[in-house]
Amino acid sequence: MIARWERVTYTYPGGAVPALADVTLSLEAGELVLVAGPSGGGKSTLLRTLNGLVPQFHGGTLQGRLRVCGLDPARTPTRTMATRVGMVFQEPEAQAIAETVEEEIAFGLELHAVPGDEARRRIEAVLEMLGIGHLRVRRLSTLSGGERQRVALAAVLALQPQLLALDEPTSQLDPEGAEQFVEAVLDLHQRSGLTVLIAEHRRERIQAIASRVLHVDGGRVVSLGPREAGSLPGAPALPRLGIRLGLYPPPLTLEEARAALAGRSVALVPAKEAPSPGAELLRAAGVTVSYGECVALAGVSLGLREGELVALLGRNGAGKTTLLRSLVGLARLESGEIRFRGAPAPAGVRERSAFAALLPQNPAYVLSRRTLAEELRASLEARGLPVGHVEHVAARWRLDGLLGRHPYDLSVGQQQRAALAVMLVHEPPVWLLDEPTRGADHATKEWLAGVLRDHASRGGAAIVATHDVEFAARWAARAIVLDGGRVVFDGPAREAFGSTGPYPTAVAQIIPGALLPEEVAAA
Amino acid sequence: MATTAWLAWAAMVMAVALTVTNPFYLAVVVLGVILVAVLAPKDAAGAAGLRVMAFFGASVLLFAALVAVINGSYGEHELFRVPSLRVPEWLGGLRLGGPVTAEQLVNAAIRGLAILAIVLAFATVNAAVTPQRLLRAAPAALFHAALVATIGLTLLPATIEDSRRIREAQALRGGGTGLRQLPGLAVPVVLGGLERSLRLAEAMEARGFAPPPSPPAWARAAALLSAPLGLAGGLCWLYLGDARWVGALLGGVAVVLFGAWLTAASRRRVGNRLRPERLTGSERAAVAFAAAIAALAIFGRAPGWLELGYSPFAGLAWPPFAPLEAGFVLSVVWPSLFLAGRWKPAPRGLPAAGVAEVGRP
């Protein structure tokens, strides 16, 4: 046994309810454990008890008994715990300080006074282990997010921990970077038998290999087998499909799903028809934008009509954000034109956002007032709407009861809803959302899908830049794929997410004609 | 080029620029520094373009001239007059404005050139040496202070980016960017910066970073004493014309005390350094050369070896320009010997690719 929690209860300083409530749990050496659950449920807190950041860095009160690698992390100096438990955090930018990859890995070894020869040997070993030897002399600022996270992992591995605690390490990465990172972790686990605890919203790959799933919600931890966990909210599509079709045990990988379905016939439940689009709201014609010598958009043309929900897909750097920015006037057009309802779009960002509002990626950039009520009032005022509508707006965006809270004290999901309320308070006909589900949990995605469908049914339209195919398949009627600043696909979403499209969903890969588990029934 | 060598160069430029008052020699120094600036790597985030530097230099010269005009002046060659104002006796009785002489303007231009040379030299070092490299060159006792400064500098670009994004978000929200909106712009920048530093602190703690144990009490007392002793020593040296040895003695004691603290604190440093910066032979020679040039500039005038001074007030004569002195000040370009080999012209358009294409069938 490598870690054991015995009736552990922990409350953050000033917290009204415990963040961990009466947790009893043990972890065997060599396990790979997925930590799942809604955001704000206590996943991060559970991981931070392992190396003593909770309670030593965060304060608060911890009750109960805790043993990790034979030590009590609440009382052992975090410096000592650092050589037993390695931790990787969400943001690549907020966990490195050195200039180059090699120096970043060396930094931890220097702190622990690992002698020169031994340190050099370990640096070589971790570079090789994670396949980042070619990045050795690169400057961290030139690396992609996925590469930086692997460097962060290498830096903690160099201290030769017995246990890895990974706190949503891919939530800020694009799918490619996330996949690379997860593969590196799984590979590491299988080759070295290192114990790994990983909190992750992208569960598919991990749940297939994990020995257990810890579901953390409201500070309570439930330990489940990876197959039992298929019925949890936010479980990956394949086990959900399995449970829907009565397959036992529910499949976790595409191969298992194909094998389980072999010889069975399934019925397709026809998906709801999207409302047929109305008059044209917005048109971009030949839009070209460059940053210096880099062409971000090369002659993009598209139209958006009433009732249309568009998923904007493409790799990082394909031009998704630039396209949304150019529509609201934040990017200077080199050539091309934007028209709103057939007339040239107004010049100013403020005037444009009255018609087509953009929600930027990071909700924290939007929120600045002391309370949520002030926040909404400021937005209503800016749009020339009566400020008395605050209660009404709060109810519309499911923010009732939070009006007196500081925007920074809200959970990730609540912050996202608040940011949406602030930007869309005037209910503009066109919504432009830039990766609204980055780091969001299942409940937030489900809610947002509903809000989008509702907006479309009232004649509104939206373009949503996203990497999350399973999320987009729930609401999108049309998909646009950008690559290198050009539109490479513009057509029905069912085609894009279907078995022969550029972005097939997990279900589409085994049952052509269906996109989501809900579209399939046992025959 | 090693961090230490860069710092030695900047210190040398400073010593030369502050002692030379002949405008011709100063111009040589400025041109030499510009040459080094062009050749120097621009690695660090603080690298400013040459155009920005040139603009800054012009403003320094203009500002020096403006101050000269306001300050009022002495000398024979009056150019024009500005309204004059006499500061009351109890405030020093200075005269502001009045006649503006050619001598005063020339003097201001000379001061401006010196400042320009120093500013350009430090801008060059700032562009060539990242804060992380400075951190590695810092003595062990100052490691933690330097680390904190480095982290601050590491977070700076992100904070600048934040403020840009927040301004945009405010506009997208339909809000203004006037003074009333200032809280809306400043609060998220500050909170975002604080949150980011907290997360970085947490990540560092998880990796075993801990503040070092403080050095023993005697060492802290020594450090505390060294500052007032050094100050007193300096004052004695300046004002006790016939008992300068008292100043020298006090200064010496201050240096010894500070050195004792440095040694004690360095021994307390937790951890080790895998790759301390090592100077190559030629870099060592360059550092020694820089020290020699600086010493010559400061002490070489009394025995009359080098004639680097010039005063416009002595009749506004044409400044001399002798090969020995010109050669001496030209020595500020020594870093270019290290840099010339690695210089590549900045790509403009795609000329290099175009050249490569020509040879192909």
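Because the structure is a prediction, the values reported are computed rather than measured.

Draft legend 1. Structural context of unusual backbone geometry. Residue and element names in this part refer to chain A. Here the bond from Val-54 into Pro-55 is cis, since omega is 10°, no more than 30 degrees from zero. Its place among the elements puts Pro-55 in helix α2 (residues 53-57). A cis amide bond, omega -5°, links Tyr-248 with the succeeding residue Pro-249. Secondary-structure assignment places Pro-249 in the loop between α9 (237-244) and α10 (254-261). The phi torsion at Glu-168 lies on the positive side, around 40°, for a residue other than glycine. For Glu-168, the location among the structural elements is in the loop between β6 (163-167) and α7 (175-192).

Draft legend 2. Seen up close, the sheet that holds strand β14 (residues 335-340) of chain A. Residues and elements named next belong to chain A. Strand order in this open sheet of 4 strands is β12-β11-β14-β15, and the pairing throughout is antiparallel. Of all the strands in the sheet, just β12 (294-305) and β15 (343-344) have a single pairing partner and so form its edges. Pairing between β14 and β15: 2 bridges, direction antiparallel. The partner of Arg-339 across the bridge, within β15, is Pro-344.

Draft legend 3. Quick peek at the interface of chain A and chain B. Facing the 64 residues of chain A at the interface are 51 residues of chain B. Between chain A and chain B lies a buried interface of about 4800 Å² when both sides are counted; carbon and sulfur atoms form 55% of it. Where chain A meets chain B, there are 5 salt bridges. We note a salt bridge from B:Glu202 to A:Arg48, for which the minimum N-O separation is 2.5 Å. Connecting chain A to chain B are 18 residue pairs in polar contact (both at pLDDT 80 or more). Take the side of chain A that touches chain B: its biggest share by element is 9 residues, from helix α4 (residues 101-111) of chain A. Class assignment of the residues belonging to the side of chain A that touches chain B gives a composition of 36 nonpolar, 11 polar and 17 charged.

Draft legend 4. Region of interest: the pairing of β12(A). Residue and element names in this part refer to chain A. As paired elements, strand β11 (residues 280-291) and β12 share 8 bridges and run antiparallel to each other. Note that in β12 the partner of Tyr-291 across the bridge is Cys-294. If you look at the hairpin formed by β11 and β12, you'll find 2 residues sitting between the two strands, and Gly-292 has a positive phi there, around 60°.

Draft legend 5. Highlighting the environment of A:Leu197. All names here are of chain A. Along the chain, Leu-197 turns up in strand β7 (residues 195-199). Look at Leu-197 and you get buried, because its relative accessible area is 0%. Separated by 30 residues in sequence, Leu-197 and Asp-167 have C-alpha atoms that sit 8.5 Å apart. Those residues in contact with Leu-197 that lie beyond four places of it in its chain are Leu-27, Val-33, Val-35, Leu-47, Leu-50, Leu-164, Ala-165 and Leu-166.

Draft legend 6. Spatial organisation of the domain arrangement of chain B. Partitioning chain B into domains gives domain 1 (1-137 + 280-361), domain 2 (143-212) and domain 3 (214-268). Relative placement of domain 2 of chain B and domain 3 of chain B: their C-alpha centres are 38 Å apart.

Draft legend 7. The arrangement of the packing of aromatic side chains in detail. Counted by the stated rule, this structure contains 11 aromatic pairs over all chains. When the centroid spacing of 5.9 Å and the interplanar angle of 45° are considered together, the rings of A:Trp397 and A:Trp431 count as tilted. Residue A:Trp397 is located in the loop between α14 (390-396) and α15 (412-423), and its partner A:Trp431 is located in strand β17 (residues 430-434); the two are separated by 34 residues in the primary sequence. Judged by its relative accessible area of 1%, A:Trp397 falls in the buried class. A network of ring pairs unites the aromatic residues B:Phe24, B:Tyr25, B:Trp318 and B:Phe321 as a single cluster. If you follow A:Arg396 out to its NZ or CZ, it ends over the ring of A:Trp397, 4.4 Å from the centre. Across the ring face of A:Trp447, the terminal group of A:Arg417 is positioned such that the distance to the ring centre comes to 5.6 Å.

Cut-offs and rules
Residues numbered from 1 in each chain as written. Chains lettered and ligands numbered in written order. Predicted model: local features only at pLDDT ≥ 70, side-chain atom pairs only at ≥ 80, totals over all residues. Heavy atoms only, no water. Helix = DSSP H or I, 4+ residues; strand = E, 2+ residues; numbered from the N terminus. Pairing = 2+ DSSP bridges. Contact = heavy atoms within 4.5 Å. Buried area = accessible area lost by both parts, 1.4 Å probe. Salt bridge = Lys/Arg side-chain N within 4 Å of Asp/Glu carboxyl O. Polar contact = N/O pair within 3.5 Å; in protein donor to acceptor, adjacent residues only side chain to side chain. Nonpolar A, V, L, I, M, F, W, Y, C, P; charged D, E, K, R; others polar. Buried < 20%, exposed > 50% of the residue type's maximum accessible area, 1.4 Å probe, protein only. Domains from an automatic or database assignment. Phe/Tyr/Trp six-rings, centres within 6.5 Å; stacked < 30°, edge-to-face > 60°. Lys NZ or Arg CZ within 6 Å of the ring centre and 35° of its normal.

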